[in-house]
Amino acid sequence: MTRRVRLLVMAVGGTGLAALLVAACFDLPRFGGDQHPYGDRVVRASLARHTANTIASVNFDQRAFDTLGEMSILFASVLGTVVLLRQTRDEHRAAPEPEQVALPVRRYALLVLPVAVLTGLYVIAHGQLSPGGGFQGGVVVATALHLLYLGADYRALERIRPVGSYEVADALAASAYLVLGLAGLVAGTAFLADFLPYGTFNTLSSGGTVPLLNAAIGMEVACAVVVLLANFLDQAVEIEKEGET
Amino acid sequence: MDDPLIVVALLLVAGSATAAVAVRDPARQALVLAVLGTVLAVLFTVLQAPDVALSQLAVGSALTPLLIMLSVRKVRRPKRREETER
Amino acid sequence: MNGWTVAATAALAVGVGATVWGVATGPLRRRVVAQNLSTSLACPALLLLSEGYDRPSYVDLALLLALLGPVGTLVFARLLVEDLAADPPRTWGLTYAVAAFGAAVVIAVCVAAGPSRALVKLLVVGALLIGGNLTASRALSGGFAGSRRG
């Protein structure tokens, strides 16, 4: 294919896509209208299952299978990163030099770290009650641990972060989600069905399997982000090509 | 669309997103991207989608800048070595 | 719209709008300061929105931004240390002005909340917001010595 033919094909495809998108836009409901057929049904279903946060009910109950797909995407991409960023034969590790951090910054990092971890766990635990959930809280917990790199140095972070056990925990959390889904198949009616008692509305244990699936996602995301950042940090800080001093 | 708050949030997103594309240096682009993340979170809040806004805040305010800046550091490092050796 | 959302609109249009302009143009020392101030201005705006919409659970958004915004600035301060050491930012006046604005918003929202559990959360957000803003500014103007590796 020459350059001109390629451009022609792309122009035809692009025009078709643009025409379809414009046609679809004209059929959309108006911005900010008061007719929400999906919203009404979703809210009714989530209230029937005693889940205060409708989004959590959609993510972990009504569309829990979609969340399984999203979790697998994160798992696979972190796996790909681990394979791509591994230490190759012509690379070696150099010990990072300690960084001189100004005292107020160091104190701030060490003070905020536990607060941030606690906030992340709070966001995970209240996923079925208020905005938030496993993904958001997991990212916060993982980011919080890296305050040790920012406020101290990389060796301080490495001491509390055995990457191997985080990889194992990542896989365990991903399997926990699958096992909970299979339990729904055994005890209830379908894969990922909400088979536990729904509990009292607006309490931590309400929503049946929603808090459990939420916790599994929280653990999976936190461990996945830690492993992801560990590989990036190794490459940026420690691993060097042979010949570089 | 008559709510001025939504208009302001949309304009901020359009402005910072255009700037993120227009800036060429990756490190400066990461700075604009961090601001874009914050502004997007505000837009999601204004549109009453706090769960999405929380996701955007969690990912956009610290994690994405850290990943980008670590990559920039890795790519730039050999070049700096050569300069100091000369 | 009520008074709270009008105040949030003003904070977003004037404050955050200025930081978007600041981060998109100018030398690096101005851009990092604008990035730091964007989070310390957006966080009070989120508090005002939570009060304006009468949704106490939206305070979680401000809590997360007050926690993670300064962490993002620390990332830039740490990994751009060589560029910043040559040309450090000196904008303490602006930083203190924004911190005072954040304090004023937190106090106003606290008064509206009254003594309750929500008040404690708001005070935590305020402490994190102002402490984080000042520490991140400190980190930008020479918080790291800049070892060549590490």
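Residues numbered from 1 in each chain as written. Chains lettered and ligands numbered in written order. Predicted model: local features only at pLDDT ≥ 70, side-chain atom pairs only at ≥ 80, totals over all residues.

### Section: the overall build of chain A
Secondary structure assignment for chain A yields ten helices and two strands. Against the 2.2 N^0.38 benchmark of 18 Å for 245 residues, chain A shows a C-alpha radius of gyration of 23 Å, more extended than a compact globule. Projected onto its principal axes, the C-alpha positions of chain A cover 65 × 65 × 40 Å. Per-residue burial for chain A yields a buried fraction of 37% across its 245 residues. Long-range contacts, defined as pairs at least 24 residues apart, comprise 72% of the intrachain contacts of chain A with a sequence gap of at least 6. (Helix = DSSP H or I, 4+ residues; strand = E, 2+ residues; numbered from the N terminus. Rg over C-alpha atoms; globule rule 2.2 N^0.38 Å. Buried ≥ 20, exposed ≤ 12 C-beta atoms within 10 Å, placed from the backbone. Contact = placed C-beta atoms within 7 Å.)

### Points about the overall build of chain C
Each helix and strand counted, chain C has six helices and zero strands in total. In chain C, the succession of α and β elements from N to C terminus is α-α-α-α-α-α. The C-alpha atoms of chain C give 16 Å as radius of gyration, which agrees with the globular expectation for 150 residues (15 Å, within 12%). Judged by the C-alpha coordinates and their principal axes, chain C covers about 50 × 30 × 20 Å. Put simply, chain C has 150 residues, and 52% of those count as buried. Long-range contacts, defined as pairs at least 24 residues apart, comprise 75% of the intrachain contacts of chain C with a sequence gap of at least 6.

### Some words on the interface of chain C and chain A
Between chain C and chain A, the contact holds 22 residues from the first and 25 residues from the second. Sorting the residues of the side of chain C that touches chain A by element identifies helix 3 (59-79) and helix 6 (117-140) of chain C as the ones contributing at least two each. In terms of residue count, helix 3 of chain C provides more of the side of chain C that touches chain A than any other element does, nine residues in total.

### Here we look at the interface of chain B and chain C
Tallying the contact residues gives 31 residues for chain B and 34 residues for chain C. If you list the elements that add at least two residues to the side of chain B that touches chain C, you get helix 1 (4-22), helix 2 (26-46) and helix 3 (50-85) of chain B. Each residue belonging to the side of chain B that touches chain C can be placed in one class, and the counts come to 24 nonpolar, five polar and two charged. (Nonpolar A, V, L, I, M, F, W, Y, C, P; charged D, E, K, R; others polar.)

### Considering the environment of Thr64 of chain B
All names here are of chain B. Examined against the element boundaries, Thr64 turns out to sit in helix 3. The class for Thr64 is partly exposed, based on 17 C-beta atoms found within 10 Å. For the pair formed by Thr64 and Ile6, sequence separation is 58 residues and the distance between their alpha carbons is 26 Å. Aside from chain neighbours lying at most four places away, what touches Thr64 is Leu33, Gly37 and Val59.

### Details of the packing of helix 3 (residues 54-62) of chain A against helix 10 (residues 210-238) of chain A
Residue and element names in this part refer to chain A. At a minimum axis distance of 9 Å, the contact between helix 3 and helix 10 shows a crossing angle of 85°. The angle between the axes of helix 3 and helix 10 places the two elements in the roughly perpendicular class. Contacts between helix 3 and helix 10 involve Ala56, Ser57, Phe60 and Asp61 from the first element and Val210, Leu213 and Asn214 from the second. Each residue belonging to the contact of helix 3 with helix 10 can be placed in one class, and the counts come to four nonpolar, two polar and one charged. (Axes fitted to C-alpha atoms, helices over the stretch in contact; angles between N-to-C directions. Parallel < 35°, antiparallel > 145°, perpendicular 65-115°, else oblique.)

### Structural notes on the nonpolar core
Within the largest apolar cluster, 135 residues are counted, with the highest numbers of intra-cluster contacts made by Ala45 and Leu46 of chain C. For this core, the leading source of residues is helix 10 of chain A, giving 20 residues. The contact partners of Leu46 of chain C, leaving out residues within four places of it in the chain, are Val42 and Thr45 of chain B together with Tyr58, Leu61, Ala62 and Leu65 of chain C. (Core = buried A, V, L, I, M, F, W, Y, C linked by C-beta atoms within 7 Å.)

### Quick word on the environment of Ala24 of chain C
With respect to the helices and strands, Ala24 of chain C occurs in helix 1 (residues 3-24). Those residues within four positions of Ala24 of chain C in sequence are excluded, and the remaining contacts are Ala19, Val23 and Val32 of chain B.

### Let's talk about helix 6 of chain C
Between its first and last C-alpha atoms helix 6 of chain C spans 35 Å; for 24 residues at 1.5 Å apiece the expected length is 34 Å, and the two agree. Of the residues trailing helix 6 of chain C, Gly142 of chain C is marked for its positive phi of about 90°. (Expected span 1.5 Å × (residues − 1).)

### Here's the deal with helix 5 (residues 103-125) of chain A
Helix length check: helix 5 of chain A, at 23 residues, gives a terminal C-alpha distance of 34 Å against a target of 33 Å (1.5 Å per residue), a fit within 8%. The set of residues buried in helix 5 of chain A consists of Val105, Tyr108, Ala109, Val112, Leu113, Ala116, Thr119, Gly120, Val123 and Ile124 of chain A.

### Structural notes on the environment of Ser206 of chain A
One can find Ser206 of chain A in the loop between helix 9 (163-187) and helix 10. The class of Ser206 of chain A is partly exposed, set by 19 C-beta atoms lying within 10 Å.

### Focus on the packing of helix 4 (residues 64-84) of chain A against helix 9 of chain A
Between two packed helices, the angle of one axis relative to the other and the distance separating the axes together describe the packing. Residue and element names in this part refer to chain A. At a minimum axis separation of 11 Å, helix 4 and helix 9 run at an interaxial angle of 160°. Regarding the angle of helix 4 to helix 9, the classification is roughly antiparallel. Between helix 4 and helix 9 the crossing geometry is left-handed. In this structure, helix 4 contributes Leu68, Met71 and Phe75 to the contact, and helix 9 contributes Ala174, Tyr177 and Gly181. Its residues assigned to classes, the contact of helix 4 with helix 9 comprises five nonpolar, one polar and no charged. (Left-handed = near helix turned anticlockwise from the far one by under 90°.)

### Brief notes about unusual backbone geometry
Positive phi outside glycine occurs at His50 of chain A, with the angle close to 60°. Note that His50 of chain A resides in the loop between helix 2 (37-48) and helix 3. Even without a glycine there, the phi angle at Gln48 of chain B is positive, about 65°. Secondary-structure assignment places Gln48 of chain B in the loop between helix 2 and helix 3. With 11 C-beta atoms packed within 10 Å, Gln48 of chain B lands in the exposed category.

### Examining the confidence of the model for chain C
Looking at chain C, the pLDDT average stands at 91 and 97% of residues meet or exceed 70. The complex prediction reports pTM at 0.90, with the ipTM value standing at 0.91. (pLDDT = per-residue confidence, 0-100.)

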